[in-house]
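Secondary and tertiary structure notes
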Amino acid sequence: MIGLISATAAGAAARDRLAAAWPSRTRVYDGSVADAVRRAFAECDQLVCFLATGAVVRLVAPLLGDKTSDPGIVCVDEAGRFAVSLVGGHGGGANELAREVGEVLGAAPVVTTATDAVGVPGLDTLGFPVEGDVAGVTRALLDGEPVGLSAELAWPLPPLPVTDEGVCTIRVTDRLVPAADREVVLRPPSLVVGVGASSGAPVDEVLGLVEDALREAGLSVRSVGELATVDAKAGEPGIVGAAERLGVPLVTYAADELARVDVPNPSGAPLAAVGTPSVAEAAALVGGGELLVPKRKSERADGRPAMATCAVVRRVARGRLAVVGLGPGARDLLTPRAKEELRRASVLVGLDQYVDQIRDLLRPGTRVLESGLGAEEERARTAVAEARRGQAVALIGSGDAGVYAMASPALAEASDDIDVVGVPGVTAALAAGAILGAPLGHDHVSISLSDLHTPWEVIERRVRAAAEADIVVTFYNPRSRGRDWQLPKALAILAEHREPRTPVGVVRNASRPDESSRLTSLSALDPATVDMMTVVTVGNTATRDIAGRMVTPRGYRWQETAG
């Protein structure tokens with residue numbers, strides 16, 4: 001919950017705007033400011049104070065305890081110009097909160113955390129438990145000193161400016177090893193613990209068994225990613241409580257699914273009780289991986305029979321492939337989600353001219369693999385191969401990556417051994433439509449006129465179908481030096497079913513600095529004025545030119561009264 005505190009009418013107005021935007025995330029604190037700050041500090045995860053930073057500093061100073069537990073605090077000035085991350089930039093999430101508040105209120109986020117200022121991810125913000133000399137290694141990164149990466153596990157990490165060796169080290173491991181001098185240890189969630197338990201097994205017995213098994217195997221409890229068991233035990237208090245105390249999700253599987261998993265130590269007891277010869281080992285192994293701790297039973301001080309079993313598996317690290325649409329070219333049409341994925345990726349794969357558009361958004365340490373036109377399939381294979389190596393990869397394309405772009409060749413290469421995330425983008429058709437007016441207000445279709453990958457006979461059949469169905473058509477790749485007859489042919493097909501005065505919108509370099517657009521008609525369009533940077537939108541029989549704007553109504557009754 002985010003506590004909101006204000007002292008003046010202007011502050012209250014900005015406060016209320018934020019509360020209206022985030023009704024389920026925020027709570028307004030009224031009364032005296034000092035009392036409101038104390039109550040919010042004790043009750044909320046984060047605070048937004050519409051007060052001077054000096055006043056907030058004095059109010060919260062006696063309340064501060066530890067940066068790992070204090071709430072993140074953001075200050076917004078009286079004029080609403082700045083959202084300042086004051087306390088808990090990383091641990092309390094104040095840096096990100098300042099950015100979010102800035103988006104809602106139109107304020108500039110002010111973040112002074114050193115790593116954020118220079119674009120280096122904070123070692124305590126990578127999403128992994130971290131141990132060791134965080135401050136010292138972070139300082140080395142900021143000072144440009146060589147920092148080595150020792151990855152015992154190939155786990156997808158965000159970009160880090162690291163080398164093979166350095167004066168400091170970042171070690172990625174799930175082994176129970178202490179951090180050495182000038183070293184940080186990152187604990188990836190690489191371990192799956194399968195658990196079984198008799199009805200009524202105490203949580204302390206289940207948790208104690210898990211912790212003992214990990215410690216004796218030399219594994220860190222902080223690398224446990226999940227507890228796993230059979231569906232029949234989904235509500236078993238001892239298992240549920242152990243997962244809660246470990247702070248990991250509890251994943252359950254059907255008995256017949258577990259029964260199909262080959263395990264070294266099957267037993268008749270669980271088969272009779274829940275329908276599978278193994279619970280602990282099978283639940284840990286169902287997703288694959290290396291069995292590090294075979295099934296073991298708990299030991300009870302009173303000598304009574306064990307009530308819990310567990311097994312530990314190191315799962316195979318899954319690489320991550322984000323297929324990112326960059327939009328039509330304008331920076332303000334690049335979505336926040338796309339920016340986030342670009343900053344998260346340790347490997348970027350893309351067409352060289354698209355890489356140039358967003359190179360300044362990449363974090364230091366990002367490895368860029370760029371190539372020229374015509375290498376689409378090679379880029380797709382490269383991106384998938386890097387993800388299979390356990391990397392966090394972003395594969396970029398213009399517009400929406402799923403529309404005439406990189407998503408389809410990449411997904412044709414990818415199998416279920418990597419995680420794939422699609423990040424939508426604003427398409428050229430949408431950008432052109434917004435410039436022209438509202439040409440896509442009713443049913444519409446996009447057709448590429450490039451016959452490099454699709455036979456012209458297929459393209460022509462699709463154009464005829466759109467013409468006969470009276471659907472608005474947006475033509476991509478309409479004309480190039482080597483393909484100068486396809487657009488005239490497509491327009492002639494549409495002219496068989498539409499009036500010569502049918503509006504046609506022509507937009508070149510939509511949203512870019514040299515953008516140009518014009519509204520013409522089906523009979524007046526000169527195909528020679530069109531090139532590969534152009535999108536051509538042809539209206540249907542209801543589309544009209546209204547005050548210089550191309551408009552297609554949602555219903556055809558409008559056409560009857562339009563004259």
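I will try to describe carefully the structure that is included in this document. Only a predicted model underlies this, so the values are computations on that prediction, with no experimental measurement involved.

**Some points on the overall build of the protein chain**
In terms of helices and strands, the protein chain carries 19 helices and 28 strands. When the backbone C-alpha atoms are referred to their principal axes, the protein chain occupies close to 95 × 65 × 55 Å. Among the 563 residues that make up the protein chain, the fraction classed as buried is 47%. Sequence separation of 24 or more characterises 64% of the internal contacts of the protein chain that already satisfy a separation of 6 or more. Taken as a whole, the protein chain presents about 25900 Å² of accessible surface, with 51% of it coming from carbon and sulfur.

**Concerning the packing of aromatic side chains**
Any two aromatic rings considered together are summarised by their centre-to-centre distance and by the angle between their planes. Tallied over the full model, the rule gives 2 aromatic pairs. Centroid distance Tyr404 to Tyr476: 4.8 Å. Interplanar angle 55°. Geometry classified as tilted. With a gap of 72 residues between them, Tyr404 in the loop between strand S19 (392–397) and helix H15 (407–413) and Tyr476 in strand S23 (residues 472–476) connect regions that are remote in the sequence. Taken together, a centroid distance of 5.0 Å and an interplanar angle of 70° make the contact between Trp456 and Trp485 edge-to-face. Of the two residues, Trp456 sits in helix H17 (residues 456–468) while Trp485 sits in the loop between S23 and helix H18 (486–495), which places them 29 residues apart along the sequence.

**Let's talk about the environment of Ala375**
Along the polypeptide, Ala375 turns up in the loop between strand S18 (367–371) and helix H14 (376–388). Taking the C-alpha atoms as reference points, Ala375 and Ser450, 75 residues apart in sequence, are found 16 Å from one another.

**Observations regarding unusual backbone geometry**
Positive phi values are uncommon outside glycine, yet Arg182 reaches one of about 55°. Along the chain, Arg182 turns up in the loop between strand S9 (168–172) and strand S10 (183–186). A relative accessible area of 37% means that Arg182 is categorised as partly exposed. Backbone geometry places Asp470, a non-glycine residue, at a positive phi of 60°. In this fold, Asp470 is placed in the loop between H17 and S23. Residue Asp470 is classed as buried on the basis of its relative accessible area, which comes to 17%.

**What about the side chain of Arg498?**
Assignment of secondary structure puts Arg498 in the loop between H18 and strand S24 (503–508). Among buried charged residues, Arg498 stands out as having no salt bridge; its nearest opposite-charge side chain is Asp470, 4.0 Å away. In this structure the side chain of Arg498 is engaged in a polar contact, spanning 3.1 Å, whose partner is the backbone oxygen of Ala466. Only 2.7 Å separates the side chain of Arg498 from the backbone oxygen of Ile471, close enough to count as a polar contact.

Rules used in this analysis
- Sequence positions are assigned chain by chain, starting from 1 and proceeding in written order.
- Confidence filtering applies because this is a predicted model: local features only for residues at pLDDT of at least 70, side-chain atom pairs given and counted only at 80 or more, and all residues used for totals across whole chains, interfaces and linings.
- To obtain the side-chain values, all non-hydrogen atoms of the structure were included, while hydrogens and water were left out.
- Every helix listed is a DSSP run of H or I at least four residues long, and every strand listed is a run of E at least two residues long, numbered separately from the N terminus.
- The rule is simple: take the accessible area with a 1.4 Å probe, protein chains only, and divide by the maximum for that residue type; under 20% is buried, over 50% is exposed, in between is partly exposed.
- By definition in these notes, contact holds between two residues if any of their heavy atoms fall within 4.5 Å.
- Exposure was quantified through the Shrake-Rupley algorithm and a 1.4 Å probe, taking into account, for residues, occlusion by the shown protein chains and nothing else.
- To pair, rings of Phe, Tyr and Trp, with the six-membered ring standing in for Trp, must have centres within 6.5 Å; the planes then decide the type, stacked if under 30 degrees apart, edge-to-face if over 60, and tilted in the middle.
- By the counting rule applied here, Lys and Arg register as positive and Asp and Glu as negative, while His and the ends of each chain are not counted.
- Whenever Lys or Arg places a side-chain nitrogen within 4 Å of a carboxyl oxygen from Asp or Glu, that contact is recorded as a salt bridge.
- In protein, a polar contact requires one atom able to donate a hydrogen and another able to accept it; more generally it is a pair of N or O atoms within 3.5 Å, and residues adjacent in sequence count only if both atoms are side-chain atoms.

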